[in-house]
Amino acid sequence: MPHAGASLVPGSIKTKSEFWAHVHDQLEILVGGQRHWVSNLSNAASLIYNSLQAFPSNFGDGERSVNWCGFYLISSLFPQPQFTDASMDPKSQMHASTNMLLGPFSGRPACQWIEVSPRPRGVCGDAFVKRSTVLVPDVSAYRGHIACDGDTKSEIVCPLILRKGGEDIMLGVLDLDCLAIGGFDADDQVGLERIAALIIRSCDW
Ligand code: SME
């Protein structure tokens, strides 16, 4: 099957649990070839986003579905310049330490930096410091929500935690937005946390 076919959702899939199990299994196949996070997270964002687009009746209000799926990752994971000298660029200096930078995503353009230290910003920053999934049924009622897209009504953010040598290392977050209020529920949280675990163990960090 061509790679794009991974985001098709068979008509036999009716429930969210079945849907997330299907997406998980498709992703496992897609990320099987290599372990670079840029490539694997790119396909993960596209697969989740396009699968949700293909299965709208169970998300949001059926008419207004998911509008963004992507990753924010700690800035130290990103490649350092090899061919230019960015050391004097104030934009490079400003965002050192553990702030998150926009990673692979599907959807409209989004904010590039999300601060986690000294003060966490937005739903993403909160999920990062709490190290647990944050489910937001109505973003207008969430203090500090970062509105990258004024059309977004609800959101879920799942942390990416690498467990290594008895230590939990925060890598970033997986963020999904929906155009309807109450777009995500506990089934989505279970499905996304399982996918986050697959993503973490499928890449070299
Ligand atoms: N709404 C997020 C920011 C990222 S965008 O939704 C793509 C937040 O409050 O952290």
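Remember, it's a predicted structure, so these values are computed and weren't measured experimentally.

Rules of the game
- For every chain, the first residue of its written sequence is number 1, and the numbers climb from 1 along that sequence.
- A pLDDT threshold of at least 70 governs which residues receive local features in this predicted model, and a stricter bar of 80 or more applies before side-chain atom pairs are shown or counted, although totals over entire chains, interfaces and linings include all residues.
- Only hydrogens and water are set aside when side-chain values are computed; all heavy atoms of the structure are taken into account.
- Numbering goes from the N terminus for both helices and strands, where a helix is a DSSP run of H or I of at least four residues and a strand is a run of E of at least two.
- Atoms counted for the radius of gyration: C-alpha only. Globule rule: 2.2 Å times the number of residues to the power 0.38.
- For every residue, the accessible area (1.4 Å probe, protein chains only) is compared with the maximum for its type, and the residue is labelled buried under 20%, exposed over 50%, or partly exposed between those bounds.
- Residue-level accessible areas treat just the shown protein chains as cover; the underlying method is Shrake-Rupley with a 1.4 Å probe.
- Here Asp and Glu are counted as negative and Lys and Arg as positive; His is not counted, and neither are the chain ends.
- For charged residues, the charge sits on one atom: NZ in Lys, CZ in Arg, CG in Asp, CD in Glu.
- Working rule for helices: expected span equals 1.5 Å times residues minus one.
- Whether two residues touch is decided by their heavy atoms; if any such pair falls within 4.5 Å, the residues are in contact.
- Proximity criterion: a residue is near a molecule or strand once any of its heavy atoms comes within 4 Å of it.
- Pairs of N or O atoms are called polar contacts if they sit within 3.5 Å, as long as, within protein, a hydrogen donor faces a hydrogen acceptor (for residues adjacent in sequence, only side-chain-to-side-chain pairs).
- For helices, the fitted line uses only the C-alpha atoms of the stretch in contact; every axis is such a line through C-alpha atoms, and the angle between N-to-C directions lies from 0 to 180 degrees.
- Convention used here: angles under 35 degrees read as roughly parallel, angles over 145 as roughly antiparallel, angles from 65 to 115 as roughly perpendicular, and any remaining angle as oblique.
- Crossing handedness is defined as follows: a turn of the near helix away from the far one that is anticlockwise and smaller than a right angle gives a left-handed crossing, while the clockwise case is right-handed.
- Residues were grouped as follows: Ala, Val, Leu, Ile, Met, Phe, Trp, Tyr, Cys and Pro as nonpolar; Asp, Glu, Lys and Arg as charged; and all remaining residues, including Gly, as polar.

1. Observations concerning the overall build of the chain
Phase 1 of the analysis: Secondary structure summary: the chain contains 5 helices and 6 strands in total.
Phase 2 of the analysis: Walking the chain from its N terminus toward its C terminus, one meets helices and strands in the order α-α-β-α-β-β-α-β-β-β-α.
Phase 3 of the analysis: The C-alpha atoms of the chain give 17 Å as radius of gyration, which agrees with the globular expectation for 205 residues (17 Å, within 12%).
Phase 4 of the analysis: In terms of its C-alpha atoms, the chain occupies a principal-axis envelope of roughly 55 × 40 × 35 Å.
Phase 5 of the analysis: Considering the chain as a whole, with its 205 residues, one finds that 47% of them fall into the buried category.
Phase 6 of the analysis: Counting every atom, the chain has about 10500 Å² of accessible surface; 54% of that belongs to carbon and sulfur.
Phase 7 of the analysis: Taking the average place of the 16 positive charges on the side chains of the chain and the average place of its 22 negative ones, the gap between the two points comes to 3 Å.

2. A word on helix H5 (residues 186–202)
Phase 1 of the analysis: With 17 residues, H5 ought to run about 24 Å at 1.5 Å a step, and its terminal C-alpha atoms sit 24 Å apart, in line with that.
Phase 2 of the analysis: Along H5, the positions that sit buried rather than exposed are Asp-188, Gly-191, Leu-192, Ile-195, Ala-196, Leu-198, Ile-199, Ile-200 and Ser-202.
Phase 3 of the analysis: Contacts made by the buried residues of H5 are with helix H1 (16–30), helix H2 (37–53), strand E1 (66–74), strand E5 (154–164) and strand E6 (167–178).

3. Description of the environment of Pro-159
Phase 1 of the analysis: Within the element layout of this structure, Pro-159 appears in strand E5.
Phase 2 of the analysis: On the basis of relative accessible area, Pro-159 is assigned to the buried category, the value being 9%.
Phase 3 of the analysis: With 16 residues separating them in the primary sequence, Pro-159 and Asp-175 have C-alpha atoms 8.7 Å apart.
Phase 4 of the analysis: The contact partners of Pro-159, leaving out residues within four places of it in the chain, are Ala-127, Arg-131, Ser-132, Thr-133, Met-170, Gly-172, Val-173 and Ala-196.

4. With respect to the site of the ligand
Phase 1 of the analysis: Neighbouring the ligand are the residues Trp-68, Tyr-72, Ala-110, Gly-122, Val-123, Cys-124, His-145, Ile-146, Cys-148, Glu-155, Asp-175 and Asp-177.
Phase 2 of the analysis: Separating an oxygen atom of the ligand from a backbone N or O atom of Cys-124 is a distance of 2.9 Å.
Phase 3 of the analysis: At a separation of 2.8 Å, an oxygen atom of the ligand approaches a polar side-chain atom of Asp-177.
Phase 4 of the analysis: About the coverage of the ligand: the protein hides 99% of its 310 Å² of free accessible area.

5. Some words on the packing of H1 against H2
Phase 1 of the analysis: In the contact formed by H1 and H2, the axes pass within 10 Å of each other and the chain directions differ by 150°. The orientation of H1 with respect to H2, classified from their angle, is roughly antiparallel. Crossing geometry of H1 relative to H2 is assigned as right-handed. Here Phe-19, Trp-20, Val-23, Gln-26, Leu-27 and Leu-30 of H1 come into contact with H2, specifically with Asn-43, Ala-44, Leu-47, Ile-48, Ser-51 and Leu-52.
Phase 2 of the analysis: Residues belonging to the contact of H1 with H2 are distributed by class as follows: 9 nonpolar, 3 polar and no charged.

Purely spatial values, then, with no claim about function.
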